[in-house]
Structure formats: structure tokens, C-alpha cells
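The residues making up each chain are set out below.
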Amino acid sequence: MPLKRIKDFAPNYIESFDGKDFIGFNVYTKKTGKKVGYIKDILVDEMGYFRYFVVDFGLWVFNKQVMLPVGYTRIDYEARKVFVIGVDRKQVESLPAYNEQIDVDSEYEENLREAYFNITSGIDSAVPLLENQVPQIKQADAGYVNYDYAQAAELYELSDRHHRVIKEYQYRLIAKHQLVTENERVEQLIVASSTSSNQVTYKNKLTRSACLIFNPVAGQSDSKQDLVTIKSILEPEFDLDIRMTTPNKDADEIAKEAVEQGAQIIIASGGDGTLSAAAEAVVGTRIPLGVISRGTANAFATALGIPVTIPAACQTILGGKTRIVDAAYCNGRPMVLLAGIGFEAETVKRAHRDVKNRFGMLAYVLAGIHELRNLEFFETRIETEDKVISLNAAAITVANAAPPTSVLAQGPAALLVDDGLLDVTIVAPTNTISAIAAAYNLLQSAYSGEVANRPDTGFLRARSIKISTNPAQRVVVDGELMGKTPIDVECVPGGLTIIVPSLPGECTQEKLDGLPNLRVEPKNPPTVG
Ligand SMILES: Nc1ncnc2c1ncn2[C@@H]1O[C@H](COP(=O)(O)OP(=O)(O)OP(=O)(O)O)[C@@H](O)[C@H]1O
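Calculation criteria
Residues numbered from 1 in each chain as written. Predicted model: local features only at pLDDT ≥ 70, side-chain atom pairs only at ≥ 80, totals over all residues. Heavy atoms only, no water. Helix = DSSP H or I, 4+ residues; strand = E, 2+ residues; numbered from the N terminus. Areas by Shrake-Rupley, 256 points an atom, 1.4 Å probe, with all protein chains shown as cover. Core = buried A, V, L, I, M, F, W, Y, C linked by side-chain atoms within 4.5 Å. Buried < 20%, exposed > 50% of the residue type's maximum accessible area, 1.4 Å probe, protein only. Contact = heavy atoms within 4.5 Å. Phe/Tyr/Trp six-rings, centres within 6.5 Å; stacked < 30°, edge-to-face > 60°. Lys NZ or Arg CZ within 6 Å of the ring centre and 35° of its normal. Near = heavy atom within 4 Å. Polar contact = N/O pair within 3.5 Å; in protein donor to acceptor, adjacent residues only side chain to side chain. Nonpolar A, V, L, I, M, F, W, Y, C, P; charged D, E, K, R; others polar. Pairing = 2+ DSSP bridges. Axes fitted to C-alpha atoms, helices over the stretch in contact; angles between N-to-C directions. pLDDT = per-residue confidence, 0-100. Arc of directions from axis to C-beta. Left-handed = near helix turned anticlockwise from the far one by under 90°.

Visitor: What exactly am I supposed to notice about the overall build of the protein here?
Guide: A count of helices and strands for the protein gives 14 helices and 23 strands. Put simply, the protein shows about 25,600 Å² of open surface, and 52% of that area lies on carbon and sulfur atoms.

Visitor: It is not clear to me how the nonpolar core should be interpreted in this structure. Could you clarify?
Guide: Note that soluble globular proteins tend to have their nonpolar side chains buried in a common cluster. Within the largest apolar cluster, 52 residues are counted, with the highest numbers of intra-cluster contacts made by Ile6, Phe22, Phe50, Met67 and Tyr116. The set of elements that each furnish at least two residues to this core consists of helix H1 (6-9), strand E3 (35-44), strand E4 (50-56), strand E5 (65-69), strand E7 (81-84), helix H3 (106-121), helix H4 (153-156) and helix H5 (164-195). Setting aside anything within four residues of it in sequence, one finds Phe50 in contact with Ile6, Phe17, Ile42, Leu43, Val44, Val70, Tyr156, Leu158, Ile166, Gln170 and Leu173. In terms of nonpolar packing, the next biggest core, distinct from the first, is built from 38 residues, Ala251, Ala263, Ala401 and Leu496 among them.

Visitor: How should the packing of aromatic side chains be read in this particular structure?
Guide: Pairs of aromatic rings are described using the distance from one ring centre to the other and the angle between the two planes. Scanning the model with the defined rule gives 14 aromatic pairs in all. Here the aromatic rings of Phe22 and Tyr77 are separated by 5.4 Å at their centres, their planes lie at 65°, and the arrangement is edge-to-face. Taken together, the residues span a long stretch of sequence, with Phe22 in the loop between H1 and strand E2 (26-29) and Tyr77 in the loop between strand E6 (73-76) and E7 at a distance of 55 residues. For the pair Phe22 and Tyr77, a shared accessibility class is recorded, and that class is buried. Seen from their ring centres, Tyr149 and Tyr156 are 4.6 Å apart, and the 80° between their planes marks the pair as edge-to-face. The pair formed by Tyr149 and Tyr156 is uniform in burial state, with each residue classed as buried. Aromatic ring contacts, followed pair by pair, group Tyr13, Phe17, Phe22, Phe25, Phe50, Tyr77 and Tyr169 into a single cluster. One Lys or Arg, Lys81, reaches over the ring of Tyr28 and ends 4.8 Å from the middle of that ring.

Visitor: Please explain the site of the ligand as it appears in this structure.
Guide: Residues in close proximity to the ligand total 19 residues, the closest being Gly219, Thr245, Gly271, Thr274 and Thr296. Here a nitrogen atom of the ligand sits 2.7 Å away from a polar atom, N or O, in the side chain of Thr245. Taking Thr296, its side chain carries an N or O atom lying 2.7 Å from an oxygen atom of the ligand. Coverage of the ligand by the protein amounts to 77% of the 650 Å² it exposes when considered alone. Listing elements by their share of the shell around the ligand, those giving two or more residues are helix H8 (272-282) and helix H12 (353-359). With 3 residues, the top contributor of residues to the shell around the ligand is H8. Along the lines of polarity and charge, the residues of the shell around the ligand split into 6 nonpolar, 10 polar and 3 charged.

Visitor: Is there a simple way to think about the side chain of Asn215 in this case?
Guide: With respect to the helices and strands, the residue Asn215 is situated in the loop between strand E8 (208-214) and helix H6 (223-234). What makes Asn215 buried here is its relative accessible area of 14%. A distance of 2.8 Å separates the side chain of Asn215 from the backbone nitrogen of Val217, its partner in a polar contact. Ignoring any residue separated from it by four or fewer positions in sequence, one finds Asn215 in contact with Thr245, Ser269, Gly270, Thr274 and Arg294.

Visitor: Help me understand the sheet that holds strand E19 (residues 457-462), please; the structure alone is not making it clear to me.
Guide: Pairing between sheet strands relies on hydrogen bonds along the backbone, with the strands arranged either parallel or antiparallel. Strand order in the open sheet made by the 6 strands is E19-E18-E17-E14-E21-E22, with antiparallel pairing throughout. Because the sheet does not close on itself, it has two edges, and the strands there are E19 and strand E22 (480-484). Here the average twist between neighbouring strands, direction ignored, is 20°. Bridge count between strand E21 (residues 474-477) and E22: 3 bridges; the pairing is antiparallel. By the bridge assignment, Val477 is partnered in E22 with Glu480.

Visitor: Please explain the environment of Ser221 as it appears in this structure.
Guide: Mapping Ser221 onto the fold places it in the loop between E8 and H6. The spacing of Ser221 and Arg294 is 73 residues in sequence and 7.7 Å in space, taken between C-alpha atoms. At 2.7 Å, the side chain of Ser221 forms a polar contact with the side chain of Asp226.

Visitor: Even after reading the chapter, I still don't get the confidence of the model for the protein, so can you show me in this structure?
Guide: Caution applies to low-pLDDT regions: their predicted coordinates should not be interpreted in detail. Mean pLDDT over the protein stands at 79; residues scoring 70 or higher make up 72%. Contacts of residues 193-206 to residues separated by more than four positions or lying in other chains number 10 contacts, the stretch itself having pLDDT below 50. For the stretch residues 504-510, pLDDT sits under 50, and the model shows 4 contacts to residues farther than four places along the chain or on other chains.

Visitor: Looking at this model, I keep getting lost on helix H10 (residues 310-319). Mind explaining?
Guide: Working note: α-helix, 3.6 residues per turn, so residues spaced by three or four point in the same direction. Residues of H10 that are buried: Ile310, Ala313, Cys314, Thr316 and Ile317. Axial view of H10: buried residues confined to an arc of 155°, hence all on one face. For H10, the secondary structure elements touched by its buried residues are E8, H6, strand E9 (238-244), strand E10 (266-270), strand E11 (289-293) and strand E23 (487-500). Residue Gly320 follows H10 closely and has a positive phi angle near 70°.

Visitor: Explain the pairing of E3 to me, please; I cannot follow it from the model alone.
Guide: It is a general feature of regular strands that their side chains alternate between the two faces of the sheet. Most of E3 sits inside the fold, with 7 of its 10 residues counted as buried. Examined bridge by bridge, strand E1 (residues 4-5) and E3 share 2 bridges and lie antiparallel to one another. Residue pairing in the sheet places Lys4 in a bridge with Val44 of E3. As paired strands, E2 and E3 are joined by 3 bridges and run antiparallel to one another. The residue of E3 that forms the bridge with Asn26 is Tyr38. Counting the residues between successive antiparallel strands, the hairpin from E2 to E3 contains 5 residues, one of them, Gly33, with a positive phi of roughly 75°. Alignment of E3 against E4, held across 6 bridges, turns out to be antiparallel. Paired with Val44 across the strands is Phe50, a residue of E4.

Visitor: Which parts of the structure should I look at to understand the environment of Ala255?
Guide: Positionally, Ala255 belongs in helix H7 (residues 251-260). Judged by relative accessible area, Ala255 falls into the buried class, the value being 0%. Considered as a pair, Ala255 and Ile266 are 11 residues apart in the sequence and their alpha carbons are 7.3 Å apart. Once residues lying within four places of it in the same chain are set aside, the contact partners of Ala255 are Ile213, Ile266, Ala278 and Ala281.

Visitor: What am I meant to see in the packing of H7 against H8 here?
Guide: To characterise two packed helices, one gives the angle between the axes of the helices and the distance between these axes. Packing of H7 against H8 brings their axes to within 8 Å, and their N-to-C directions diverge by 35°. When you trace H7 past H8, the crossing you get is right-handed. For the pair formed by H7 and H8, the contact residues are Ala251, Asp252, Ala255, Lys256 and Val259 on the first element and Thr274, Ala277, Ala278, Ala281 and Val282 on the second. Grouping the constituent residues of the contact of H7 with H8 by class yields 7 nonpolar, 1 polar and 2 charged.

Right, dumping it as C-alpha cells:
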């Protein structure tokens, strides 16, 4: 992956950073608090993710600049300080030197990673490596050419806890870059189409093309009227290619075809089944997905903060703001929301189409009440990247994202859809009364932001999760039944690009420009992050 200096990636990047810059922040050691250098540059990957700070360690090691992975830092934004963690002076001496003339190709980066891994694993850390002693990778092993930074989260991941502000700025940078690229692409298309024929095209430069996948039988509303509403709002701005789902051709297949045919934007409209299927088809493609939810539970849209009324969802799509979120694979099949084992799967199985048509959301509640009476424990083995857990449970949920109403996913205080981790909630009530109390506690957790705190409820976070049960249990993935346990779920950090409403502060909540004698002084700058 080619790296770019931030100025080359986005010359006006400061605009995405509230006008302030990280370049120039002083660098200190976390251990001693000693000042050791300053941030000379930021290197980003082709999407705009921050990967390295270039640190001038001149105060520590004479004339030495080094690429420091962002994960090895802590940042005090208010004090304009960056702390380097886990690397001492001797080790800095051993790291490959950086300067602007160096060609930072994938081989250089792989050698750099090796050097950092050797430092943290203690190999030869007492003996400084000379630059030409940095481990070299043989050509035959050059898997690093298409390196996925998610493989080394400790080096490259910005955490919500330690990098809150910079992570927000990173997302703004990526979103802005995507918008610019999208507009350029549209302009190129228009130029191409006008040069390929003799006719002059008077097409609005901002008209975008989008594939709208529409399920005509989703939900309980009048789907003809829904489509009229959608067309009336979107067609003035979009060149819509509308494709209906059928009993034999669902959203997954249509979305895959649209991807192959080079769709710029895919918009899915239907219930959770349709939305998840379309989302799953675009995982890893970076094609923005717009969502118009018209189902019973509307879990997909709610989990991702997308409005569930048709006009508001269409306005969100017109706004065109994209957010990059995680996705996952469950037994090799893409997953965006969650995999439920036990109770949830039985509930979905019980909520039949005809009951949903009659009772709507109540169908799930009725099915849930019925299942509560049939609660059964099963032996469970959960294996993550760093541990194996054995226990008895009545319901297990592995969530990437979930709305508050998916109570069985709400063990952790907040489900973070862009943290590169999956959230597992385990519920093991001993009887129906405890089950109701546990569900209520989880619901409170979802709305209060407090972690679930009952002894019969547990949770954990991990990047990859294998679950087996005895006896085998039904599994539901993103609302669709998908066989039985065992399951193997793997997070795909940043796997999905979703069109979302503008964040507060990014939408037009304030307009002061042009007022006489205008002076705006920030009062509460962002703090540690
Ligand atoms: N034209 C169609 N006729 C009949 N069934 C269809 C058609 N198009 C899609 N389907 C079926 O609709 C199901 C997906 O429905 P979807 O989830 O979108 O709506 P829903 O079931 O009303 O929503 P929810 O899951 O929120 O209850 C799939 O099983 C799919 O096969």
C-alpha cells in the first residue's frame, strides 16, 4: 500500500482538523516524561488512514528521524504532546532511519514492522541493529505487497480511549477525500460520455448514478407508494437504476451484479433481510451503500444511526456523507450486524412472514415470549485470538453492530462499529423470571451506556471468535437463519462504506459568515485524545 505524506494526500487537511495541526507537537517518552523530539510529518495510506508519525528524535538520537506507528503513541491534544510508548533510546537507534528522499515501499515497511516486532518481543533489543542488519524479507515471502494493516492492530489501530480526537479527524479526512474522489469520478464519466458521442450532454455535473435495489414485499406499508416517494426525492439528484428483488433473486445477487457492472452507489430498500444482503455484497468493495429501511424491526438502519422514515433516509442519501464501519465474516459469509445463537435464532425462526404481516414488530415479541418458556442451557466453548472460555449459556450474541432493541447483544457499555472488534454477550439465566430480569438489565445497558452487571450476564471483545456448543444450536446471522453451531466469526475492520446522516457539527447548525465584526474564539478545545 503506497503511503503518502499527509500534505500530498490532502493539501488542505487542516480544514478537517478544526484548523489545528499535529505536526509540530513535541514528543515525550511515556515512561520518563522526557522530551525526545517532535512530530515532523504524518504518513497516511491510500484511503487516508493514519499509519505513522514521522518523529524527529534529534533531541534523543542525533539527527535521526523514524517512522513511528500510530499505535505506539498516546496523545494529549490540549497540551500538544505525543507520548511514545514501548520504545527506548537504544531501540530508536536500531530502527531504520527515515528521510523524505527514502522510497517507502512495501518492503521498507515490512522491514520496519519486523524491527518493531523484534523490539517488543525483546529479540536483541539490548544490541542495536545496524540499518543493514534489519531483517530482510525474501522475495518468495513477499505477502506484504498487499499488506493489510489490520493484521498488526497494535501498530496501526487508533483506539477510542487514547486517540479520540485524532481518530475523529482521521474519519473526517477520509470522508472528505472520498467525496472529492467521487465528484472527480462523476466529472470523468460525464467527459467520457460526451466525447464518445457527437451529442452534447447537458447533464448536471452533480447528477450521480445509483443502483436502487427495492424489495416490493418488505414491511407492512404500501410499497408502490413507497417507491413513488423515493423516486420523487432521489430522481432529481440521481440517475436511478431501479432493480426489484423477486422470490428467486434477492438483494445479494442483484447487489453483486451491480458491483460487477461498476455501480458507483448502491441503495437498498427493504427489510433487514434485504438491507443486510445488499450490505454483505458490498463488503470490501468500498462502494457506498445507501439505506432506505422499510421492514418490521429496522434493526439494520437503527444500528448504524440511519433514519427509518423514507423521506429522512432519502435526505441522508442526498447528503452523501459516508462512514467507514467494520463488517465481519461468519462461517465465511459476510455479516454486518450480529450472529445470535440459541434464544435469538429460535425467536427469528418462530416469527413467520404471515405473523409479521399481521402483527409487525409484535410478532418478534410474541415469538420471544414463547421462547422464554423454552429456555435451555447448552455447553459452550468460546475461542478468541488470546483465550479459550468454557461455560454454560442460554443465549450468545456476537455483534459487530446492533440496535438497542437487540437486547441480547447489549452486554458491553457501547457497541462500537468501527473499533475493529466484535462484542460477545453471553446470557445464562436459570429460570424465566431471571431471563426477563437479564433482558431488562441489557435493555438498560443499551440506553444508559453502563455495562450489564448481572452475574448471569457476561461479555467480551475480540477480533476473531470461534464458538461451539453441545448440543448444536441454531444460528441466525443478520436476521436470517444460517444452520447450526459451530461458528467462526472474523471482524473485517473498515469493511463497509455506509451513507450516514451528517454528524452534529458537520451539518449546518450554525452560519455566521458575513456578519459584521465577526470574531469566533474557541472556548473548549478538545482535550486528551
Ligand atoms: N418480489 C418478491 N416476492 C416475494 N418475496 C420476496 C420478493 N423479493 C424478496 N422477497 C423475499 O423477502 C425476504 C426479505 O424480506 P425483507 O427482510 O426485505 O423484508 P421483511 O421480512 O418484511 O423485513 P423484516 O426482516 O424487518 O421483517 C427474502 O426472504 C426474499 O426472498
